[in-house]
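# Architecture and fold: a report
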Amino acid sequence: MAKLDIIIAPDPRLKRKCGAVERVDAGTAQLMTDMLETMYAAPGIGLAAPQVGVTKRIIVADPAGENGPPAPLKMANPEIIWSSDEKKRHEEGCLSLPQEYDMVERPDKIRVRYVDENNATQEIEADGLLSVVIQHEMDHLEGVLFVDHISSLKRGIILRRLSKQKKHGKRHAMEPA
Ligand code: NI
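Just so it is clear, the structure is predicted and the values come from calculations on it, not from any experiment. (Residues numbered from 1 in each chain as written. Predicted model: local features only at pLDDT ≥ 70, side-chain atom pairs only at ≥ 80, totals over all residues. Heavy atoms only, no water.)

## Side note on the coordination of the nickel ion
- Here the nickel ion is held by C94 (SG), H136 (NE2) and H140 (NE2), and the distances to it run 2.1 to 2.2 Å.
- Counting gaps between the donor residues of the nickel ion yields the pattern C-x41-H-x3-H. With C94 in strand β4 (residues 87–94) and H136 in helix α2 (residues 128–140), this pair connects stretches of sequence that are 42 residues apart.
- For C94, a relative accessible area of 11% gives the class buried.
- Exposure remark for H136: the relative accessible area of 7% places this residue in the buried category. (Donors = N, O, S within 2.8 Å, 3.2 Å for Na, K, Ca; no water. Helix = DSSP H or I, 4+ residues; strand = E, 2+ residues; numbered from the N terminus. Buried < 20%, exposed > 50% of the residue type's maximum accessible area, 1.4 Å probe, protein only.)

## A short note on the environment of L141
- The residue L141 is located in the loop between α2 and α3 (152–174) in this model.
- Sequence spacing of L141 and C18 is 123 residues, and the spatial spacing of their C-alpha atoms is 5.1 Å.
- Those residues within four positions of L141 in sequence are excluded, and the remaining contacts are R16, K17, C18, A48, P50, K56, R57, I58, I59 and P78. (Contact = heavy atoms within 4.5 Å.)

## Looking at helix α1 (residues 26–41)
- For α1, which comprises 16 residues, the first-to-last C-alpha distance of 23 Å matches the rise-based estimate of 22 Å (1.5 Å per residue) to within 8%.
- Here α1 has its buried residues at T28, A29, L31, M32, D34, M35, L36, T38 and M39.
- On its buried face, α1 is in contact with β1 (46–48), β2 (58–61), β3 (73–83) and β6 (110–115).
- Near the N-terminus of α1, the side chain that reaches the backbone nitrogen of G27, with its oxygen 3.2 Å away, is that of D25. (Expected span 1.5 Å × (residues − 1). Polar contact = N/O pair within 3.5 Å; in protein donor to acceptor, adjacent residues only side chain to side chain.)

## Details of the nonpolar core
- Counting 14 residues, the largest nonpolar core has M35, L47, I58, V60 and A76 as the members making the most contacts within it.
- Looking at this core element by element, the count peaks at five residues for α1.
- What L47 contacts, discounting residues up to four positions off in sequence, is I6, M35, T38, M39, V52, I59, V60, L95 and E137.
- C18, M75, L130 and L141 belong to the second largest nonpolar core, which has 13 residues in total. (Core = buried A, V, L, I, M, F, W, Y, C linked by side-chain atoms within 4.5 Å.)

## So, the layout of surface pockets
- Taken as a whole, the largest pocket encloses approximately 600 Å³ of empty space.
- Around the largest pocket, the lining comprises 27 residues; the ones closest to its centre are P43, G44, I45, G93 and C94.
- For the lining of the largest pocket, the secondary structure elements donating two or more residues are β4, β5 (97–107) and α2.
- Sorting elements by how many residues they give to the lining of the largest pocket places α2 first, with six residues. (1 Å grid on protein atoms, 1.4 Å probe; cavity = no way out; pocket = protein on both sides within 12 Å on 5 of 7 lines; lining within 4 Å. Points joined across faces, edges and corners; volume = space filled by probe spheres on them.)

## Details of the pattern of salt bridges
- By the definition in use, this model includes 13 salt bridges.
- In this structure, E142 and R57 form a salt bridge, with 2.4 Å as the shortest nitrogen-oxygen distance. Linking E142 in the loop between α2 and α3 with R57 in the loop between β1 and β2, this pair joins segments that are 85 residues apart in sequence.
- For the salt bridge of R106 with E92, the shortest nitrogen-to-oxygen distance reads 2.7 Å. Here R106, found in strand β5, pairs with E92, found in strand β4; they are 14 residues apart in sequence, far enough to count as distant. Across this residue pair, the class does not change: R106 and E92 are buried. (Salt bridge = Lys/Arg side-chain N within 4 Å of Asp/Glu carboxyl O.)

## Section: the pairing of β4
- Both β4 and β5 contribute to a ladder of seven bridges, which runs antiparallel. Within β5, the position partnered with E91 by the bridge is M103.
- Connecting the antiparallel pair β4 and β5 is a turn made up of two residues. (Pairing = 2+ DSSP bridges.)

What follows is the structure in structure tokens.
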């Protein structure tokens, strides 16, 4: 197991469209395990491969968070095959946009087809928080962040704030001890 570095926005690596996983092999399964470990340590409830620098269609999630027994999900090539007409607004955050939150509207219920860690095709129906997390993580595979769903004014404010923090962090790291 290994903890991976999470890429912080703004970063061009978070804007790339990811390619399909041909086959979930031992290497892919290990990446899924490492992504889950990274997500739990952050702590977060979802993580997509591009957030750790891998441009493959892989996401992990565990909406139980710190409150319930672990319910990890590992998905390759997730596809939404049905979504409800009813939409709901939820507050979202992202491990690549630390300390930033805003309301995003998405379909309330979805049905998702994906390939699991054993290379078997699965389908699940999701609503509530799980539905939000899966849709948020799937957006990452298209290079889309939750701030791309809000007004350009708010998005600009958030990205400029993160950009300033990154510059400050770098300068601070270079200061002599
Ligand atoms: Ni995210």
